[in-house]
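Commentary on secondary and tertiary structure
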Amino acid sequence: RKEVEQDPGPFNVPEGATVAFNCTYSNSASQSFFWYRQDCRKEPKLLMSVYSSGNEDGRFTAQLNRASQYISLLIRDSKLSDSATYLCVVIPNASGGSYIPTFGRGTSLIVHP
Amino acid sequence: NAGVTQTPKFQVLKTGQSMTLQCAQDMNHNSMYWYRQDPGMGLRLIYYSASEGTTDKGEVPNGYNVSRLNKREFSLRLESAAPSQTSVYFCASRGNPGQESYEQYFGPGTRLTVT
C-alpha cells in the first residue's frame, strides 16, 4: 500500500458545484497534514493546513479523520480558477527531527463553465 | 523576501554532461529538499538536508549528489546526465517546529531535458 494515496481524477465539475477529495495515509503516527495546490507547470503552493478539529478558509474546508486515516478537502461554489491539481501531504512523527513530507500523486480538478 | 529561488529555469543537456542546479532560501529555514516530478509519478524526494552540514538520501538518489553549502543554499549535481533524468526539479525549504512557516515552500522549478 502506498504511504499516501489520492484518486488522480480528473474530477470534471461545472462552476458552482461542490466537490470533495479524499486522501488516505498508511502511517498511523503521522503528525501533520497539508493540502497543496499545483497549477500546470508551476510549483506546488500551500492551500491549507489540516488541523485535528478541521478548518475552513472561505470556500475550502479541510477535515482529518485519524481513526480511518484520511484527510479530505471540500470546495464549495467551484470557480474556473479552482482548476488545478490538489496534492495531499502527510508528515510522519519522526524522532530526531527529520520530518520527511510524503506527497500524494495529486487529484486533478477541472471546473468548466 | 524572495522565498525559494532556483537557477536555471530551463536546461538542455546531452547524455554524459554534468551540471549543478542551484537553490537558495532567505527564510532562515533549517530543512531543505530536492524533488523531481514526472508525469503520473507525483513528487519524489531525491535528497534532503535537515540542517546545515547534513544531507540524507530520499526515495530516488541514484545519479545525484547534493551539497548544503550553508544554511541558505542547497545544490543538486548531476555528474553524468542520462535521458531518464529528464524531469522537472523542485527545491523546497521548510520552517522549524514552532515557527509560523512550518509548511514547505517551493522554488519555481528547473525544467531539465537530457538528450
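One can find the structure itself at the top, above this paragraph.
Note that the coordinates shown come from a computational prediction; the quantities given were computed from them, not determined experimentally.

A short note on the interface of chain B and chain A
Residue-level contacts link 20 residues of chain B with 18 residues of chain A. Between chain B and chain A, roughly 1,600 Å² of surface is buried when both sides are summed, and carbon and sulfur atoms account for 57% of that area. Linking chain B to chain A there are 0 salt bridges. At the boundary of chain B and chain A, one finds 3 residue pairs in polar contact (both at pLDDT 80 or more). At the level of secondary structure, the elements contributing two or more residues to the side of chain B that touches chain A comprise β4 (31-38), β5 (42-49), β9 (87-94) and β10 (104-106) of chain B. The biggest single contributor to the side of chain B that touches chain A is β5 of chain B, with 4 residues. Split by residue class, the side of chain B that touches chain A holds 12 nonpolar, 5 polar and 3 charged.

Observations regarding empty space enclosed by the protein
All names here are of chain A. According to the stated counting rule, one finds 1 cavity of 30 Å³ or more in the structure shown. One number sums up the size of the largest cavity: a volume of about 40 Å³. If you trace the largest cavity, you find it lined by Glu3, Val4, Tyr25, Asn27, Ser30, Val90, Ile91, Pro92 and Thr102. Here the residues of the lining of the largest cavity are counted per class, giving 5 nonpolar, 3 polar and 1 charged.

Structural notes on unusual backbone geometry
Cis geometry marks the peptide bond from Gly9 of chain A to Pro10 of chain A, where omega comes out at 5 degrees. Cis geometry marks the peptide bond from Thr7 of chain B to Pro8 of chain B; its omega dihedral reads -10 degrees. Its identity as a non-glycine residue notwithstanding, Asp77 of chain A has a phi of 50 degrees, on the positive side. Along the polypeptide, Asp77 of chain A turns up in the loop between β8 (70-75) and β9 (84-91).

Rules used throughout
- Residues numbered from 1 in each chain as written.
- Chains lettered and ligands numbered in written order.
- Predicted model: local features only at pLDDT ≥ 70, side-chain atom pairs only at ≥ 80, totals over all residues.
- Heavy atoms only, no water.
- Contact = heavy atoms within 4.5 Å.
- Buried area = accessible area lost by both parts, 1.4 Å probe.
- Salt bridge = Lys/Arg side-chain N within 4 Å of Asp/Glu carboxyl O.
- Polar contact = N/O pair within 3.5 Å; in protein donor to acceptor, adjacent residues only side chain to side chain.
- Helix = DSSP H or I, 4+ residues; strand = E, 2+ residues; numbered from the N terminus.
- Nonpolar A, V, L, I, M, F, W, Y, C, P; charged D, E, K, R; others polar.
- 1 Å grid on protein atoms, 1.4 Å probe; cavity = no way out; pocket = protein on both sides within 12 Å on 5 of 7 lines; lining within 4 Å.
- Points joined across faces, edges and corners; volume = space filled by probe spheres on them.

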